[in-house]
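This is what each chain is made of:
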Amino acid sequence: MLDVSRVQKELVEIERDKNLSGVSITLSGDDLARMRGTITGPVGTPYEGGIFTVDINLPSAYPMEPPKMQFITKVWHPNVSSQNGAICLDILKDQWSPALTVKTALLSLQALLSTPEPDDPQDAVVAQQYLRDYNTFVGTARYWTETFARRGSVGIKEKVAKLVEMGFAEDAAKGALETCGGDENAALEKLCSG
């Protein structure tokens, strides 16, 4: 059974430190097991200036089992699937410890953006580019950050207008964008999937 008091304490700590840590959490409704995390792109990396949204599901055995995490924001990184946001990170698998928290997992994702592990990739194509043509990798990662992780680059009204032009109802477009943390592509996928 999910340790509700522990999760509540973790949420309080994340909220208290969000300006310093660069990570934050919002609940998906009233369910403590469903969350959205955000991490800021580390300075000095192609991800700098980006705000990346992560889907978080806490299994019923949490904290004995790791949280299930997946990037919602598209990321060009050797350890993140460019197709579905799946993450290859040891602490989200066999190196998890109940002493770790959702916050430490998000901070580990932020650190992973700074120090990719191309020899243990989630996305082999990105890993090969990282190893064989680093400058192209950096350019592509920076482009993806600009395109998918910059909230301020296009205002919410413009994003809603684009989705309405595609034939979606304005309320549905606003709701999908809010659910997806402003990520226009994720909102479009959500709207298309019903």
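Worth saying up front: this structure is predicted, and the values here are computed from it rather than measured.

**Let's talk about helix α1 (residues 4-21)**
Logical step 1: Bending of α1 peaks at approximately 40 degrees at the position of Glu15.
Logical step 2: Along α1, the residues that are buried comprise Arg6, Val7, Glu10, Leu11, Ile14, Asp17 and Ser21.

**Focus on the environment of Glu158**
Logical step 1: Following the sequence through the fold, Glu158 ends up in helix α5 (residues 156-165).
Logical step 2: Judged by its relative accessible area of 45%, Glu158 falls in the partly exposed class.
Logical step 3: Once the C-alpha coordinates of Glu158 and Arg142 are considered, the two residues, 16 residues apart in sequence, prove to be 23 Å apart.

**Some points on the nonpolar core**
Logical step 1: Ile56, Leu58, Met69, Phe71, Val102, Leu106 and Leu109 are the most contacted members of the largest nonpolar core, which has 40 residues in total.
Logical step 2: Only α1, β1 (23-28), β2 (31-40), β3 (51-57), β4 (68-71), α2 (102-114), α3 (124-132) and α4 (134-148) provide two or more residues apiece to this core.
Logical step 3: Setting aside its immediate chain neighbours within four residues, Met69 contacts Val54, Asp55, Ile56, Ile87, Leu92, Val102, Ala105, Leu106 and Leu109.
Logical step 4: Counting 9 residues, the second-largest nonpolar core is a separate cluster that includes Ala176, Leu177, Ala186 and Ala187.

**Quick word on the pairing of β2**
Logical step 1: Judged by how many residues are buried, β2 sits mostly within the fold: 7 of 10 residues are covered.
Logical step 2: If you look at the hairpin formed by β1 and β2, you'll find 2 residues sitting between the two strands, and Gly29 has a positive phi there, around 80 degrees.
Logical step 3: Pairing between β2 and β3: 7 bridges, direction antiparallel. When the bridges of β3 are listed, Gly37 appears paired with Val54.

**A few points about a negative patch on the surface**
Logical step 1: Together, Asp90, Asp94, Glu117, Asp119 and Asp120 give the surface a local cluster of negative charge.
Logical step 2: Structurally, the position occupied by Asp90 is in the loop between β4 and α2.
Logical step 3: Note on Asp90: relative accessible area 43%, which makes it partly exposed.

**Considering the packing of α3 against α4**
Logical step 1: Packing of α3 against α4 leaves a shortest axis separation of 5 Å and a crossing angle of 130 degrees. The angle between α3 and α4 falls in the class oblique. Of the residues in α4, those touching α3 at Val126, Gln129, Tyr130 and Arg132 are Tyr134, Thr136, Phe137 and Thr140.
Logical step 2: When its residues are assigned to classes, the contact of α3 with α4 shows 4 nonpolar, 3 polar and 1 charged.

**Examining the side chain of Thr45**
Logical step 1: Tracing the sequence through the fold places Thr45 in the loop between β2 and β3.
Logical step 2: On the basis of relative accessibility, which here comes to 12%, the residue Thr45 falls in the buried class.
Logical step 3: With sequence-adjacent residues up to four places away left out, Thr45 is seen in contact with Leu113 and Ser114.

**Describing the sheet that holds β3**
Logical step 1: Taken in spatial order, the 4 strands make up an open sheet running β1-β2-β3-β4, and their pairing is antiparallel. What marks the edges here is a single partner per strand, and that holds for β1 and β4. Each adjacent strand pair in this sheet contributes to an overall mean axis angle of 25 degrees, direction not counted.
Logical step 2: Contacts between α1 and the sheet are confined to β1 and β2, with β1 contributing the most and set at about 135 degrees to the helix.
Logical step 3: Across the sheet, α2 touches β1, β2, β3 and β4, and the angle it forms with β1 is around 125 degrees.

**Quick word on the pairing of β1**
Logical step 1: As judged from the 6 bridges shared by β1 and β2, these two strands associate in the antiparallel manner. Counted as the bridge partner of Ser24 is Thr38 from β2.

Analysis parameters
Residues numbered from 1 in each chain as written. Predicted model: local features only at pLDDT ≥ 70, side-chain atom pairs only at ≥ 80, totals over all residues. Heavy atoms only, no water. Bend = angle between axes of the 7 residues up to and from the residue. Helix = DSSP H or I, 4+ residues; strand = E, 2+ residues; numbered from the N terminus. Buried < 20%, exposed > 50% of the residue type's maximum accessible area, 1.4 Å probe, protein only. Core = buried A, V, L, I, M, F, W, Y, C linked by side-chain atoms within 4.5 Å. Contact = heavy atoms within 4.5 Å. Pairing = 2+ DSSP bridges. Patch = residues over 30% accessible without salt bridge, like charges linked within 9 Å, V, L, I, M, F, W, Y side chains within 5 Å. Areas by Shrake-Rupley, 256 points an atom, 1.4 Å probe, with all protein chains shown as cover. Salt bridge = Lys/Arg side-chain N within 4 Å of Asp/Glu carboxyl O. Lys, Arg positive; Asp, Glu negative; His and termini not counted. Charge placed at Lys NZ, Arg CZ, Asp CG, Glu CD. Axes fitted to C-alpha atoms, helices over the stretch in contact; angles between N-to-C directions. Parallel < 35°, antiparallel > 145°, perpendicular 65-115°, else oblique. Nonpolar A, V, L, I, M, F, W, Y, C, P; charged D, E, K, R; others polar.

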